[in-house]
Amino acid sequence: MRKSLIKKVDLIVLGAGLAGAAMAWQSHWQGWTVAMIDRLDARSSSRVAAGLVTPITGARAAASWKWDEFYPVADAFYRRCEQETGETFWRVEPALRVFGSQTERELYESKWLSARNDRNPLSIHADWVSAEENSGLKAPFGMCQIGPAARLDTKAYLGATQRYFQAHDAFNQFDLNCDVDLVFDALGQAVCIPALELIGKRIAFCQGIAARENQFFNDLPLHPARGDILLVESPRVQLQRVVHHDAWAVPVGQHRYLVGATYDRAGAGSENSVSEEKTMQFRAELIQRWESLAHGTFQASHHVVLEQRSAVRPASYDRHPLLGRHDVHDNVFCLNGLGSKGTLMAPRLAELAIGAMNGTTIDRVFSRSRRKVV
Ligand SMILES: Cc1cc2nc3c(=O)[nH]c(=O)nc-3n(C[C@H](O)[C@H](O)[C@H](O)COP(=O)(O)OP(=O)(O)OC[C@H]3O[C@@H](n4cnc5c(N)ncnc54)[C@H](O)[C@@H]3O)c2cc1C
């Protein structure tokens, strides 16, 4: 008699970007069997992202939202992933902030650099640094270093995750047509994918912007935001650390830098993909920002643009994540809306999603139900 090839797992994870990878690891570590599915879209947000984790953000120099909840989990999570895979992709190092004006300098001074902020509750710290200590940076308004800050090499992390789950026979490269390929058993207790001979007790949709493509979570209040990054080669620039200024720059070796990022809601609009129309416009914008950073602070004389990477961030209207159970199917969940902060938020949100699968109520600020599609 033919042995059944059907594989039964505790959790099917659809999407192996930052959200899906975090779901897979966290559920694997709590003892669940997992099956990941991904079509390996090279233009997915996670494969384009710079992977920066920055504690102070925005024009108001505010602490990143729920930093003290997200960062400790993310730090422990990526360190554990490195141990499990034997690969290196997580680097913790203070980032530099080169002030662009006297106003910005005073803002940082009053919020972060004055003595009374020495014992801030979020463990975020900012310290003055002199330009001479940092590859001769020119910073007429001064600069500081901010920590803890980190960078995830997202391609390396996602590649290592894929290889790990492949080795455990738990990764399927497959373009799932959710409206056709998913079947629910009569009692609603299992999700079946006949094409993969796979049965799961539950499924987590971690599709990013592609959630709009099928019936399950196409009502998520997503407000996509296209982003572009350049890979440039600038022989005369000698950056050792991530620098934030008008743009950010990430040294990736051999005088090469990632420079980014644009943020364009209108450009993403109702589309799920990147249109070529604005590509040259964003390229010019990033070159200008790199030149202002490089000429203004490093006296670089020339650069070569080696590559431009574009993707659409799965942002939500209020910039908060979207976590929750499906309205009809009890064993169907989503983790989405990571916006610009997937690296920081995904590990903690995956913990919360697993909690929800075990019956814990999701805090309203994370819940997909807090606001319906506009
Ligand atoms: C230019 C740019 C720069 C960024 N920089 C940073 C940064 O510095 N730091 C940071 O934290 N974040 C950054 N981000 C944001 C970050 O990329 C997102 O927060 C995050 O990647 C979202 O991850 P996700 O897993 O939700 O979605 P995605 O990355 O879109 O992953 C979804 C996955 O699902 C798969 N999938 C979808 N549908 C199907 C299907 N039907 N069948 C099979 N597979 C499917 C896709 O192939 C994909 O792999 C940046 C984004 C951009 C565009």
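Residues numbered from 1 in each chain as written. Predicted model: local features only at pLDDT ≥ 70, side-chain atom pairs only at ≥ 80, totals over all residues. Heavy atoms only, no water.

> Just checking my understanding: could you explain the environment of Ala 249 for this structure?
One can find Ala 249 in strand β17 (residues 248-253). Look at Ala 249 and you get buried, because its relative accessible area is 0%. Residues Ala 249 and Ala 294, spaced 45 residues apart in sequence, show a C-alpha to C-alpha distance of 9.6 Å. Residues within four places of Ala 249 in sequence aside, it is in contact with Leu 239, Arg 241, Val 242, Val 243, Leu 258, Trp 290 and Leu 293. (Helix = DSSP H or I, 4+ residues; strand = E, 2+ residues; numbered from the N terminus. Buried < 20%, exposed > 50% of the residue type's maximum accessible area, 1.4 Å probe, protein only. Contact = heavy atoms within 4.5 Å.)

> What is the right way to look at the pattern of salt bridges in this model?
Pairs can form between side chains of opposite charge whenever their charged atoms are close. Going through the model one piece at a time under the given rule, you end up with 20 salt bridges. Close ionic contact of Arg 348 with Glu 69 constitutes a salt bridge, the shortest N to O distance being 2.9 Å. One end of the pair, Arg 348, is in helix α9 (residues 342-357); the other, Glu 69, is in helix α3 (residues 67-85), and 279 residues separate them in sequence. For Glu 69, a relative accessible area of 25% corresponds to the partly exposed category. (Salt bridge = Lys/Arg side-chain N within 4 Å of Asp/Glu carboxyl O.)

> Would you explain the sheet that holds strand β8 (residues 125-129) in this entry?
Hydrogen bonding along the main chain pairs the strands of a sheet, whether they run parallel or antiparallel. Here eight strands make up an open sheet; going across it, the order is β8-β9-β7-β16-β17-β18-β15-β19 and the pairing mixed. Each of the sheet's edge strands pairs with one partner strand only, and the pair in question is β8 and β19 (304-313). For strand β15 (residues 225-233) and strand β18 (residues 256-260), the ladder comprises five bridges, and the chain directions are antiparallel. Of the residues in β18, the one forming a bridge with Val 232 is Tyr 257. Across the sheet, helix α4 (residues 102-113) lies against β7 (95-98), β8 and β9 (143-147), angled at about 130° from β8, the strand it touches most. (Pairing = 2+ DSSP bridges. Axes fitted to C-alpha atoms, helices over the stretch in contact; angles between N-to-C directions.)

> Sorry, what's going on with the environment of Arg 79 here?
With respect to the helices, strands and loops of the structure, Arg 79 is situated in helix α3. We classify Arg 79 as partly exposed; its relative accessible area is 43%. A sequence separation of 12 residues divides Arg 79 from Arg 91, and the C-alpha atoms of the two residues are 9.3 Å apart. Of note is the side chain of Arg 79, whose polar atom sits 2.9 Å from the side chain of Asp 75. (Polar contact = N/O pair within 3.5 Å; in protein donor to acceptor, adjacent residues only side chain to side chain.)

> What's the story with the site of the ligand in this structure? I'm lost.
Taken together, 37 residues form the shell around the ligand, and within it Asp 38, Ser 46, Arg 47, Leu 176 and Gly 339 come nearest. Within the side chain of Gln 207, one N or O atom sits 3.1 Å away from a nitrogen atom of the ligand. Within the backbone of Ser 340, an N or O atom sits 3.0 Å from a nitrogen atom of the ligand. For the ligand, whose unbound accessible area comes to 1000 Å², protein coverage reaches 97%. Of all elements in the fold, only α1 (18-29), α2 (45-48), β15, β19 and α9 reach the threshold of two or more residues within the shell around the ligand. Per-element accounting of the shell around the ligand gives the leading share, four residues, to α2. In terms of residue class, the shell around the ligand is made up of 16 nonpolar, 13 polar and eight charged. (Near = heavy atom within 4 Å. Areas by Shrake-Rupley, 256 points an atom, 1.4 Å probe, with all protein chains shown as cover. Nonpolar A, V, L, I, M, F, W, Y, C, P; charged D, E, K, R; others polar.)

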